[in-house]
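These are the residues of each chain, in order.
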Amino acid sequence: MVMGDLVEAAERLAVIAPPSEGGELAPFVRSRMQMARIFHALKDYEKAMAACREILDPYPQNVEAANFLRSLERERLPAYRVFIKDAWLFLPSLIQGAMMTLTLVVVTMLVSPLGGLLIALGRISRIPPLSGLCWFIIWFFRGTPLLLQLFFIYYGLPSLGITLKPLTAALLGLGINYSAYLAEIIRGGIESIDHGQMEAAKAIGMTYGQAMRRVIIPQTYKRLIPPVGNEFIALIKDTALVSTIAMVELMRAADQMFNAYFNVNVLILAACIYLLFTTVFTFCFETLERRVGVYEKR
Amino acid sequence: MKNGKNTVLELRGIVKRYGSLTAVKDVSLSVAPGEKVVIIGPSGSGKSTLLRSVNMLERIDEGHILFEGRDVGYVTRKGKRVPDCQKNICRLRSEIGMVFQHFYLFPHMSVLGNVMEGPVTVKGMDKVAARELACLMLEKVGLSDKRDVFPATLSGGQKQRVAIARALAMQPKMMLFDEPTSALDPELVGEVFDTIRALAREGMTMIIVTHQMGFAREIADRVIFMENGVFVDSGKPGDFFGTCQENERISAFLSRCL
């Protein structure tokens, strides 16, 4: 069809008048929708939108016209305006999801260093059952996928009579997994401290526990910040895995909206939020690294 | 053997093995209050091992350690010699000061913090009193002006003096010095010796392992030459350095050291 034919077709459709009170609706709506599509094909947005509005004025509940009008408005806007509009639309849910992600990250960041320290201390202890148990925990939780662990905790434990809420299961999975990873980092940190430090602490009468708490462990902080920071950056992204156990966090929220709108901007916005988190945490760790251990500088 | 009253420390038949190597072979020693014992000898002769056995940084395989007459450190359980409960070992260590070749100051604490650490953590002294005590000890080693700096900023000699102050803050009944000047530049050795000398004048009981023969001769009440895990010879420094020429090995060692 050539352009002239299209214009002619549109003119013919325009003849169909709005129905009077109680008259039949369908032919008029169909004609205006067709007009809108024709003008859209002709890139005449004004007329296409006018056709949509002709339907919506008397019948504002018409979904087809409303959606088409919205997509026409989007097409007319420059790309950045579209992005801003999408941001307005998607951000509330994404931020809600991001808050859940942040909760998971912060709780895991508080719990896993403690868990890691306990496992590390157990691992280097000279009590065979304890060090064996801690070795096993590290071996098991580092050796299997986090996704599998989460599935096991959320879907597997109920068959053993333990049913957990999604949030509890997510925190348990992330907490144990990251404790196991940090345990090895912390153990390495402790073992990197000159053995003479332990001897000097013992020589003034400290118990093993006092020496660890007052002398050895504080010296590991500076050495631990870079590798632990690294793990925590990985953690921020690993929280996306809990979307598989019915948790609505950032990834799940983005996924839901992407499936509803098929709009790639959702994914871009989610990526931006993840990047914001990793950037802020990286900055925090760098600052912390500079502050801790000033004593090493001359 | 002397009785407990005029003996601070008594070692009876100490044996320490590392696998098939016997580092200390049936060594006995008793140290009187205020006595300064200097142990010399070539590297690997077991001097440091013996010294470290005294406050149980090394676990001995045989023998007894009597500190002020108390048999301490080890109990025999199921025919095996095992260290005593941690509480007793820690109490013993808190009464014996030790100074290491490489200082081992706590790098994350200020100089004052290093010296306060023992009294506060081990003895549970309140911080104000501990601070006062620590300042006094730092004054004793001549480092009052360094109390707020971190150890990394100190010279080797200063570090060793802080280490001595740290040991003294526990108000020990005797002091062990494990090659206190071996890691120091020659020009810094003197200040550490001055500190030890001052301590000696106060009547502190000491066992010193050193390679500095001049200092040994000057400070010792008794010099012991150790080689291959046994005491080869011992005596008053005057006699020792005078008569040792008779013993070929000792004279060879001394000629290398002097």
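What comes next is a walk through the structure.

Calculation criteria
- Residues numbered from 1 in each chain as written.
- Chains lettered and ligands numbered in written order.
- Predicted model: local features only at pLDDT ≥ 70, side-chain atom pairs only at ≥ 80, totals over all residues.
- Helix = DSSP H or I, 4+ residues; strand = E, 2+ residues; numbered from the N terminus.
- Rg over C-alpha atoms; globule rule 2.2 N^0.38 Å.
- Contact = placed C-beta atoms within 7 Å.
- Buried ≥ 20, exposed ≤ 12 C-beta atoms within 10 Å, placed from the backbone.
- Pairing = 2+ DSSP bridges.
- Axes fitted to C-alpha atoms, helices over the stretch in contact; angles between N-to-C directions.
- Core = buried A, V, L, I, M, F, W, Y, C linked by C-beta atoms within 7 Å.
- Parallel < 35°, antiparallel > 145°, perpendicular 65-115°, else oblique.
- Left-handed = near helix turned anticlockwise from the far one by under 90°.
- Nonpolar A, V, L, I, M, F, W, Y, C, P; charged D, E, K, R; others polar.
- Expected span 1.5 Å × (residues − 1).
- Arc of directions from axis to C-beta.
- Right-handed = clockwise from strand over helix to strand, strands pointing away.

Counting its secondary structure elements, chain A contains 12 helices and zero strands. Each helix and strand of chain A, ordered N terminal to C terminal, gives the series α-α-α-α-α-α-α-α-α-α-α-α. Taken over the C-alpha trace, chain A has a radius of gyration of 31 Å; the compact-globule value for 298 residues is 19 Å, which it surpasses by more than 25%. C-alpha extents for chain A along the principal axes are approximately 105 × 55 × 35 Å. Long-range pairs, those at least 24 residues apart, make up 66% of the contacts in chain A with a sequence separation of at least 6.

The subject of this paragraph is unusual backbone geometry. For residues besides glycine, phi is generally negative; the peptide bonds are generally trans as well. Positive phi values are uncommon outside glycine, yet A246(A) reaches one of about 65°. By the element assignment, A246(A) lies in the loop between α10 (208–238) and α11 (250–261). Classification of A246(A) by C-beta neighbours within 10 Å gives partly exposed; the count is 14. One non-glycine residue with positive phi stands out, namely D26(B), at about 50°. By secondary structure assignment, the location of D26(B) is in strand β2 (residues 21–31). With 14 C-beta atoms packed within 10 Å, D26(B) lands in the partly exposed category.

Backbone hydrogen bonds are what pair the strands of a sheet, in a parallel or an antiparallel way. Residue and element names in this part refer to chain B. Read from one edge of the open sheet, six strands run β8-β9-β10-β3-β11-β12, paired in mixed fashion. Two strands lie at the open edges of the sheet, namely β8 (96–99) and β12 (230–235), each paired on one side alone. Sheet twist, expressed as the average angle between the axes of neighbouring strands with direction ignored, equals 20°. As defined by bridge partners, strand β3 (residues 36–40) adjoins strand β11 (residues 222–227) across four bridges and the pair is classed as parallel. Looking across to β11, one finds that I39 is bridged to I224.

So, on to the nonpolar core. V38(B), V115(B), A134(B), M137(B), A165(B) and A167(B) are the most contacted members of the largest nonpolar core, which has 117 residues in total. Among the elements that take part in this core, helix α8 (residues 166–191) of chain A stands out by supplying 13 residues, more than any other. Judged by nonpolar contacts, the second largest core, of 13 residues, contains M35(A), A36(A), I38(A) and C52(A).

Here we come to the packing of helix α5 (residues 79–124) of chain A against helix α12 (residues 264–291) of chain A. All names here are of chain A. Interhelical geometry of α5 versus α12 gives an angle of 55° and a closest axis separation of 9 Å. Comparing the axis directions of α5 and α12 gives the class oblique. Like other packed secondary-structure pairs, α5 and α12 cross with a definite hand, here right-handed. On the side of α5, the interface is formed by F83, D86, A87, F90, L91, L94 and A98, while α12 contributes N265, V266, L269, A270 and I273. Along the lines of polarity and charge, the residues of the contact of α5 with α12 split into 10 nonpolar, one polar and one charged.

Residues and elements named next belong to chain B. In a regular helix each residue adds 1.5 Å, so 14 residues correspond to 20 Å; helix α4 (residues 127–140) covers 20 Å between its end C-alpha atoms and thus fits that length. Those residues of α4 that fall on the buried side of the exposure criterion are A130, L133, A134, M137 and L138. Buried residues of α4, seen end-on, are gathered within an arc of 140° and therefore sit on one face of the element. Next to the buried residues of α4 lie α3 (111–122) and α5 (156–168). Of the residues one or two after α4, G142 is the one with positive phi, at around 75°.

The next thing to look at is the pairing of strand β4 (residues 62–67) of chain B. Residues and elements named next belong to chain B. In terms of strand pairing, strand β1 (residues 9–18) meets β4 through five bridges, oriented antiparallel. Paired with E10 across the two strands is L66, which belongs to β4. In this structure, β4 lies alongside strand β5 (residues 70–72), joined through three bridges in antiparallel fashion. By the bridge assignment, F67 is partnered in β5 with R70. Remark: two residues form the turn of the hairpin made by β4 and β5, two consecutive strands paired antiparallel; E68 in that turn has positive phi of roughly 50°.

The subject of this paragraph is the interface of chain A and chain B. Contacts between chain A and chain B engage 18 residues on the former and 24 residues on the latter. Among the elements of the structure, α9 (195–203) and α10 of chain A are those that each provide at least two residues to the side of chain A that touches chain B. Residue composition of the side of chain A that touches chain B, grouped by class: seven nonpolar, six polar and five charged.

Attention shifts here to the pairing of strand β10 (residues 205–209) of chain B. As a general feature of sheets, a regular strand has side chains that alternate between the two faces. Residue and element names in this part refer to chain B. Most of β10 sits inside the fold, with five of its five residues counted as buried. Pairing of β3 with β10 involves four bridges; the strand directions are parallel. Considered in β10, the bridge of V37 is made with I207. Both strand β9 (residues 174–178) and β10 contribute to a ladder of five bridges, which runs parallel. Within β10, the position partnered with F177 by the bridge is I208. Crossover handedness for the path β9 to helix α6 (residues 186–201) to β10: right-handed.

Along its 13 residues, α5(B) runs 18 Å from first to last C-alpha, staying within 8% of the 18 Å computed at 1.5 Å per residue. Of all the positions in α5(B), only G157(B), Q158(B), K159(B), Q160(B), R161(B), V162(B), A163(B), I164(B), A165(B), R166(B), A167(B) and L168(B) are classed as buried.

Before going further, it helps to examine the sheet that holds β2(B). All names here are of chain B. With antiparallel pairing, four strands are arranged side by side in an open sheet as β2-β1-β4-β5. Each edge of the open sheet carries a strand with a single partner, namely β2 and β5. On average, each strand axis in the sheet is tilted by 30° relative to the strand beside it, whichever way the strands run. Here seven bridges tie β1 to β2, and the two strands are oriented antiparallel to one another. Pairing of K16 across the sheet is with V24, part of β2.

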